[in-house]
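Fold and contact review
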Amino acid sequence: MTDSFLKLHTRLLLLLGVFIAAAICMVSLFGSAKPASEIDWIDCFGEGGIAVMTLIWLLATLLTRPKGKVTNLLFLGLSALHISLLLDFLDEFYRFDLEYDWLTSLEALPATLGMGLMSLAMYFWYHEQQVLNHLLQKKERFYREHGLTDFITGLYRADYMKKQVARELHAYRDNGTGFCMALLDIKGFSEFNRKYGGVRSNSLLSDIGQIITLNLRESDLACRYASDRFIVLLPDTDLVKAHAVIEQVAQMVASHTPYDNHNSALGFEGVQWQCMSARKDDDHNTLLQRLSQSLNELKAVAA
Amino acid sequence: MRQVFESDSAILAMQPLLLPLIEMAEQRGVSSHKLLKGSRLFNEDLHQPNKRVSFKQVVQIFDNAQTLLSQDGVSFLVARHWLFSQPEAAFQALLNSRNLLDMSRVLQVRQAQIWPLMFFQSYHSANARHFVVNPAVAQVSAPCMEFMAEFLIAVIDQLCRWRFDMVTHLTVKLPYAQPKHVEQYQSHLQLQYHFSQPCFMVSVPTTYMYRPQTLALTSMRGFYLQQSKHAENNVGFLQYVCSLLALSPKQSATELSECLGVSVATLKRKLKAHNTSLQALKDQLQKQQAVIHISERGCSNEQVAQQLDYADVTNFRRNFKRWTGMTPSELRKLFN
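Residues numbered from 1 in each chain as written. Chains lettered and ligands numbered in written order. Predicted model: local features only at pLDDT ≥ 70, side-chain atom pairs only at ≥ 80, totals over all residues.

Section: the overall build of chain A
Looking only at helices and strands, one finds eight helices and six strands in chain A. Taken over C-alpha atoms, the radius of gyration comes to 28 Å for chain A, far larger than the 19 Å a tight globule of 303 residues would show. Each of the three principal axes of chain A carries a C-alpha extent, and together these read 90 × 55 × 30 Å. Of the contacts made within chain A by residues no fewer than 6 positions apart, 75% connect residues no fewer than 24 positions apart. (Helix = DSSP H or I, 4+ residues; strand = E, 2+ residues; numbered from the N terminus. Rg over C-alpha atoms; globule rule 2.2 N^0.38 Å. Contact = placed C-beta atoms within 7 Å.)

This is the structure we're talking about:
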């Protein structure tokens, strides 16, 4: 995430440079400059502004997207739009010579073509989003709020979970669909952290986040709780079933082997977990507090 | 002779705390520029080994960190890192103290080298020791207080787990309401904590004050104390004023200014620059004494009023309500 995608797009940027250069060359070759008295500066400012904005959109698109079909289409569409607007802007300063006057009528063509390409890009983007939504399935429910994601694991944070739990409790009181919550804690995480450093620990957290999400059912939701803890919401599930699901997750996590830069395996023992069903008189704070408390007790006994 | 330092004296060597904080912020998508905003410090400054910063600058950075990163629990993470990478001889003296009581004595004489930002005043009740903690230099903003408190209790929690194996018997009372990121407390801490309390206080049952520190080499304690003897021993402005007030709680601004060797006007100006006043400091001292008397020693209102030199109980009750927002009996109820 920290690397920008811009480096991937040197070719596209070069192509954009060529487009812009070609447009400017064409105008200056086939046209002649207007006298300053004929220039409408307010118009220049407006049209120039639009051209600059499309250029910013274009760069923002390249900055935030990896290579691929959707990116190429978006790039071509926006470039064409930009060229049209650029021509329109240059129009303020240049007048085409009489024999090339027909060029003026072509000004709007790239924009039309560009919008067509962008519509196509949107179509594919929609499909791409469907795929991404599927990948996010166990990481989010019903709504998206990127401000609530945890930077290290890419999962949502405790705040997001609290909202979901509050919602689930509401539903429980209204129509009696019970649910379970589980809290998982990485065994010996502080030793791991001391031994292998912050960067390794962060990537361990991220790996475990992935493993947990992979091994949950489609309806479940996993978030990062705090420190080395992950929290799982299991909607419409009784305690026996929830235990089985989390037991499976814990087994999968325990079989994970983290590696260092030299491909040697690092010591890691798996997770401790606690699972409980919600009560109708809980609010999200008391439920999470109770869960946390009972995991702490479990850890104290294990120690 | 201890040198008194003020909020804007650039004398604190905070790199062992600030550099990890900056790195952790960056790992979480917050640039050093954002974290240091308003402190007039740049990341490069802190990479100079002899760079000293002022309390004011530190407060600004903690404030930023708490506003931007409290959800990530960086105060707790930095505390863990800081504890396990302490090179100071004074800190080694701490790690080789016989027990917690001994540790508190070492801390008393070497606090400037270990944790100059806050100081503690120790009280005891029938079966516990209580350490009331306050900022040592100036009163700080609410986010900064939260950051410093989280940092300190995380250090205490980790230290007691590592050296004494008795952390669950410690109780911490925090002077602010339960924060939104309470999951960080639940996940990082094994000690007991309570929010919305009148003072920031760490309590340890007396028996645990004497539990031997298993990993300590007591012969090394004296060695490290000697080693750290000539290091700077500065004391923060508020800590110094509070220590003078503790000796004679009723003294006037004139008497206090004479002790400090400044004019009354200068004293008032300095107190204001440190976000407080003489009356506020007197209130703070009386409040914490009253709270200890009531909640830890089980004294009656009459006894406390007498201890604090009040002519009548009504007057004391009124002041207590003003200090804490609750009556003495409401505080008693809170603990029962």
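Moving on from the model shown.
Describing the UniProt feature "transmembrane region" (unreviewed entry) in chain A
All names here are of chain A. If you check UniProt for "transmembrane region" (unreviewed entry), the listed places come out as residues 12–33, 45–63, 70–90 and 102–126 in our numbering. When the span residues 12–33 is considered, its composition is 86% helix and 14% strand, and the gap between its end C-alpha atoms is 31 Å. End C-alpha to end C-alpha, residues 70–90 measures 30 Å, and it is 100% helix and 0% strand. (UniProt positions renumbered as here; feature names shortened; annotations may be inferred.)

Examining the domain arrangement of chain B
Residue and element names in this part refer to chain B. Here chain B is described as being made up of domain 1 (4–117 + 124–227) and domain 2 (248–335). One C-alpha centre belongs to domain 1, the other to domain 2, and the line joining them spans 26 Å. Facing 10 residues of domain 1, the contacting portion of domain 2 comprises 12 residues. Here the side of domain 1 that touches domain 2 takes three residues from strand β3 (residues 128–135), the largest share from any one element. Considered class by class, the residues forming the side of domain 1 that touches domain 2 number six nonpolar, four polar and no charged. (Domains from an automatic or database assignment. Nonpolar A, V, L, I, M, F, W, Y, C, P; charged D, E, K, R; others polar.)

Overview of the sheet that holds strand β6 (residues 271–277) of chain A
Residue and element names in this part refer to chain A. Spatially, β4-β5-β3-β6 is the arrangement adopted by the four strands of the open sheet, whose pairing is antiparallel. One side of each edge strand has no neighbouring strand; the edge strands of this open sheet are β4 (221–226) and β6. Recorded for the sheet is a direction-independent mean angle of 20 degrees between the axes of neighbouring strands. Where strand β3 (residues 179–186) lies against β6, seven bridges are found, and the strand directions are antiparallel. Considered in β6, the bridge of Leu183 is made with Gln274. Those strands touched by helix α7 (residues 239–254) are β3, β5 (229–235) and β6, and its axis lies near 165 degrees from that of β6. (Pairing = 2+ DSSP bridges. Axes fitted to C-alpha atoms, helices over the stretch in contact; angles between N-to-C directions.)

Digging into the packing of helix α1 (residues 10–30) of chain A against helix α3 (residues 69–90) of chain A
All names here are of chain A. Axis separation between α1 and α3 bottoms out at 10 Å; the angle between their running directions is 25 degrees. Between α1 and α3, the interaxial angle falls into the category roughly parallel. Considering only the axes of α1 and α3, their crossing is right-handed. The residues of α3 that touch α1, namely those facing Leu12, Leu16, Phe19, Ile20, Ala23, Ile24 and Val27, are Phe75, Ser79, Ile83, Leu86, Leu87 and Leu90. Split by residue class, the contact of α1 with α3 holds 12 nonpolar, one polar and no charged. (Parallel < 35°, antiparallel > 145°, perpendicular 65-115°, else oblique. Left-handed = near helix turned anticlockwise from the far one by under 90°.)

With respect to the domain arrangement of chain A
Domain annotation of chain A identifies domain 1 (5–136) and domain 2 (146–302). Placing a centre on the C-alpha atoms of domain 1 of chain A and another on those of domain 2 of chain A gives a separation of 47 Å.

Thoughts on the packing of helix α13 (residues 253–260) of chain B against helix α14 (residues 264–273) of chain B
All names here are of chain B. Two numbers describe how α13 lies on α14: the axes approach to 9 Å, and their chain directions differ by 90 degrees. As the angle between them shows, α13 and α14 are arranged roughly perpendicular. Between α13 and α14, the residues in contact are Ala253, Thr254, Leu256, Ser257 and Leu260 and Val264, Leu267 and Lys268, respectively. Of the residues that constitute the contact of α13 with α14, the class distribution is five nonpolar, two polar and one charged.

With respect to the interface of chain B and chain A
Taken together, the contact pairs 15 residues of chain B with 16 residues of chain A. When contributions to the side of chain B that touches chain A are tallied by element, the ones reaching two or more residues are α5 (74–83) and α9 (182–188) of chain B. With five residues, α9(B) is the single largest residue contributor to the side of chain B that touches chain A. When the residues that make up the side of chain B that touches chain A are grouped by side-chain class, the tally is two nonpolar, 10 polar and three charged.

Examining unusual backbone geometry
Note: most peptide bonds trans; most residues except glycine with negative phi. A positive phi angle is found at Asp236(A), which is not glycine, with a value near 50 degrees. Structurally, the position occupied by Asp236(A) is in the loop between β5 and α7. Here Asp236(A) falls in the partly exposed class, since 13 other C-beta atoms lie within 10 Å of it. Positive phi, close to 55 degrees, is recorded for Ser196(B), a residue that is not glycine. (Buried ≥ 20, exposed ≤ 12 C-beta atoms within 10 Å, placed from the backbone.)

Some remarks on the confidence of the model for chain B
Here chain B averages 92 in pLDDT, while 99% of its residues score no lower than 70. Here the complex is predicted with pTM 0.79, and the ipTM for its interfaces comes to 0.77. (pLDDT = per-residue confidence, 0-100.)

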